[in-house]
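Structural features, examined
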Amino acid sequence: MASDLLNDKEAATKAVVDWLQKKAGTKTKFYIKDFYKIFPDDKPREIKKVVNKMVEEEVLEFWSSGSTTMYGLKGAGIQHSSEGEN
């Protein structure tokens, strides 16, 4: 069962965006496990569902090196488009 924070879509989105903006000075891309710190009472599978939903809603975006998938705020840091990829 998900925590109250994870169940509240707006609060969960705000918590993720706030956390990412706070970290923006040092990093713009994060592993899925980094998001576990925001929702310490929730299972990884539930957290991944929320993060993936935020990607669908274009709040976050995937970044992949081919072997690693990372997540970041849409438009922050290095993007595929700036690397000559589609």
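The structure under discussion appears in the preceding block.
So, here is what we can say about the structure in this document.

Procedures and definitions
- Residues numbered from 1 in each chain as written.
- Predicted model: local features only at pLDDT ≥ 70, side-chain atom pairs only at ≥ 80, totals over all residues.
- Heavy atoms only, no water.
- Salt bridge = Lys/Arg side-chain N within 4 Å of Asp/Glu carboxyl O.
- Helix = DSSP H or I, 4+ residues; strand = E, 2+ residues; numbered from the N terminus.
- Buried < 20%, exposed > 50% of the residue type's maximum accessible area, 1.4 Å probe, protein only.
- Contact = heavy atoms within 4.5 Å.

Applying the stated criterion to the full structure yields seven salt bridges. Put simply, Lys14 and Asp18 hold a salt bridge, and the shortest N to O gap is 2.6 Å. With Lys14 and Asp18 both in helix α2 (residues 9-23) and four residues apart, the pair spans about one turn of that helix. Given a relative accessible area of 34%, Asp18 falls into the partly exposed group. Residue Lys27 pairs with Asp34 through a salt bridge whose shortest N-O separation is 3.9 Å. For Lys27, a relative accessible area of 38% gives the class partly exposed.

Attention now moves to the environment of Asp34. Among the secondary structure elements, Asp34 is positioned in helix α3 (residues 32-35). The exposure class of Asp34 is buried, given its relative accessible area of 8%. Between the C-alpha atom of Asp34 and that of Met70, which follows or precedes it by 36 residues, the distance is 9.7 Å. Not counting residues within four places of it along the chain, the set of residues in contact with Asp34 comprises Trp19 and Lys27.

Glancing now at the side chain of Ser3. As for its position among the elements, Ser3 is in the segment before α1 (4-7). For Ser3, a relative accessible area of 18% corresponds to the buried category. The residues contacting Ser3, other than those within four sequence positions of it, are Asp41 and Asp42.

So, about unusual backbone geometry. You will see that Glu58, though not glycine, has its phi angle at about 65°, which is positive. Here Glu58 is to be found in the loop between α4 (44-56) and β1 (60-64).

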